[in-house]
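Analysis of the macromolecular model
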There are 2 protein chains.
Amino acid sequence: MKNKIGIIADSFLFKGLPEAQLAEVARIAKEKKLGRGEAVFFEDDPASGFYMVAEGRVKIFKVSMGGKEQILHVFGPGEPFGEVAVFHGQPFPANAATLVRSTLLYFPRQEFVRLVTANPSLALNMIAMLSLRLRRFANQIENLSLKEVPGRLASYLRYLAEEQARDDRVVLDLPKGQLASLLGTSPETLSRIFARMSEEGLIRVQGKTIHLLDMERLRER
Amino acid sequence: MKNKIGIIADSFLFKGLPEAQLAEVARIAKEKKLGRGEAVFFEDDPASGFYMVAEGRVKIFKVSMGGKEQILHVFGPGEPFGEVAVFHGQPFPANAATLVRSTLLYFPRQEFVRLVTANPSLALNMIAMLSLRLRRFANQIENLSLKEVPGRLASYLRYLAEEQARDDRVVLDLPKGQLASLLGTSPETLSRIFARMSEEGLIRVQGKTIHLLDMERLRER
DNA sequence: AGTTGCCATTGACCTAGGTCAAAAATATTT
DNA sequence: AAATATTTTTGACCTAGGTCAATGGCAACT
């Protein structure tokens, strides 16, 4: 397992920082270990700092009055989250919880803002980070509003295929129930869609492994 | 009507820049006048620069295969758009078109990136801008996925009330059809919801003016 | 091996809201 | 003002997908 400074040095956010700065960043970062399913923070909590995943996976999500969850994003090793709130001094806009046992790095607000202000390259990295995230959100809005559930699933499978660099099969990186939350649907419906797409010969489902039998038609969904 | 430098100096993005820089910014900005309903750019167009609204209103939107529109955001005077693409050198992630006759400022990519790199305060403004936008998008995802149409409408009305600083009535800043696109529904459904909420005594609709008769219950939607 | 608990699947039912078509109300042009 | 075009509203119908409840798998623990 990597140590603090390894994670930091390899992260996109801190890429290109001089050694001295990296050490400085590592110094202000506090390690936090959390078990599976533990909350990191809640919506409307005051944001005294932000986090980076060192190990594990963290979901950012909103909850409806009725208790339904919508996952906004899932973060893995090297990815920062909660930074948005840090810059306004506003409370966190959503909840965060671990999906598996995880190790996080915590960066207190003050010192980080100071670093960014002093470090143009860090500021540019941050801008790139936020831009990418905006693009993802725009995509998610498109998916939720303009596609039905099968289309959203297909879109996610293609995303996984890209990420895992295969076009014959992918491995789900989430339990199916959580995937339903990410796609904005219920576990029951997701299950039915899996069944239907299997019958249609589009995919074959084997536990968490999904065989992609027809990329062409998958693209049209 | 304000001139170029007036718009720039008063914008959030360029706030706090020294005089000289402002003049420099104004120098690289090109004015562009567009009639109502004209396209500014299309999704996947190469992004050679970004825009700021000087006068009028511009919608950013995605279009489904079937032709349905989802508006991501509507920008008014002083607000920049299309900057996200500029930082990656990636194509635009969505379409942009005017809602009314508008005047825009166009900033070519190269020179703007140079400015941001050289100007920490501009970079910080940009970060704040993007953060705010992320927050809005997160909200929109929440609305689309976790609320039904009446809830989304109520949420928008409250947003307008805040923006227009009144709590008795608001004036729609969009034709109803466009509002439907923004809320992720159809004009027909929106019309029905207006009718229903009127019967329930929540609001009274008078053309583009919506009287807010019961803020309490409106909040619970 | 048996028990406990969790997750995934399947069935039955119901409703929010989409679609299509027509009418009515507003704008815009001549 | 008349004529035409554009929005908005209303009605009738239909379906994607949500909810509730029951059942089946599977893993962890004793």
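Here, the structure is the one placed above.
Residues numbered from 1 in each chain as written. Chains lettered and ligands numbered in written order. Predicted model: local features only at pLDDT ≥ 70, side-chain atom pairs only at ≥ 80, totals over all residues. Heavy atoms only, no water.

Some thoughts on the side chain of Ser131 of chain A
- Here Ser131 of chain A is to be found in helix α5 (residues 120–146).
- Non-local contacts of Ser131 of chain A, meaning those with residues more than four positions away in its chain, are made with Val84, Phe87, His88 and Leu130 of chain B. (Helix = DSSP H or I, 4+ residues; strand = E, 2+ residues; numbered from the N terminus. Contact = heavy atoms within 4.5 Å.)

Points about the protein's contact with DNA strand C
- Taken together, 15 residues surround DNA strand C, and among them Arg192 of chain A together with Glu148, Thr185, Thr189 and Arg192 of chain B come closest.
- A share of 55% of the atoms of DNA strand C within 4 Å of the protein falls on sugar and phosphate groups.
- Glu188 of chain B places a side-chain nitrogen or oxygen 3.3 Å from a base nitrogen of DNA strand C.
- A distance of 2.9 Å is found between a base oxygen of DNA strand C and a side-chain nitrogen or oxygen belonging to Arg192 of chain B.
- At the level of secondary structure, the elements contributing two or more residues to the surface near DNA strand C comprise α7 (176–183) and α8 (187–199) of chain A together with α6 (149–164) and α8 (187–199) of chain B.
- Each residue belonging to the surface near DNA strand C can be placed in one class, and the counts come to two nonpolar, six polar and seven charged. (Near = heavy atom within 4 Å. Polar contact = N/O pair within 3.5 Å; in protein donor to acceptor, adjacent residues only side chain to side chain. Nonpolar A, V, L, I, M, F, W, Y, C, P; charged D, E, K, R; others polar.)

Quick look at the packing of helix α4 (residues 109–118) of chain A against α5 of chain A
All names here are of chain A.
- Interhelical geometry of α4 versus α5 gives an angle of 105 degrees and a closest axis separation of 5 Å. Considering their axes alone, α4 and α5 lie roughly perpendicular with respect to each other. Residues Phe112, Leu115, Val116 and Ala118 of α4 form the contact with α5, whose participating residues are Pro120, Leu122, Ala123 and Met126.
- Considered class by class, the residues forming the contact of α4 with α5 number eight nonpolar, no polar and no charged. (Axes fitted to C-alpha atoms, helices over the stretch in contact; angles between N-to-C directions. Parallel < 35°, antiparallel > 145°, perpendicular 65-115°, else oblique.)

Quick notes on the side chain of Glu83 of chain A
All names here are of chain A.
- Structurally, Glu83 can be placed in helix α3 (residues 83–88).
- At 2.8 Å, the side chain of Glu83 forms a polar contact with the side chain of Arg133.
- Contact partners of Glu83, with chain neighbours within four places excluded, come to Phe50, Met126, Met129, Leu130 and Arg133.

Considering the protein's contact with DNA strand D
- Residues in close proximity to DNA strand D total 15 residues, the closest being Glu148, Thr185, Thr189 and Arg192 of chain A together with Gly177 of chain B.
- What you see for DNA strand D is that sugar and phosphate hold 56% of its atoms within 4 Å of the protein.
- In the model, a base nitrogen of DNA strand D is placed 3.3 Å from a nitrogen or oxygen of the Glu188 of chain A side chain.
- Those elements giving two or more residues to the surface near DNA strand D turn out to be α6 (149–163) and α8 of chain A together with α7 (176–183) and α8 of chain B.
- Residue composition of the surface near DNA strand D, grouped by class: two nonpolar, six polar and seven charged.

Notes on the sheet that holds strand β10 (residues 203–206) of chain A
Residues and elements named next belong to chain A.
- Pairing in this open sheet of three strands is antiparallel, and the strands run β9-β11-β10 from one edge to the other. With one partner strand each, in any of the chains shown, β9 (169–171) and β10 form the two edges of the open sheet. Neighbouring strand axes in the sheet, compared pairwise and without regard to direction, differ in orientation by 20 degrees on average.
- Pairing geometry for β9 and strand β11 (residues 209–212), over three bridges, is antiparallel. (Pairing = 2+ DSSP bridges.)

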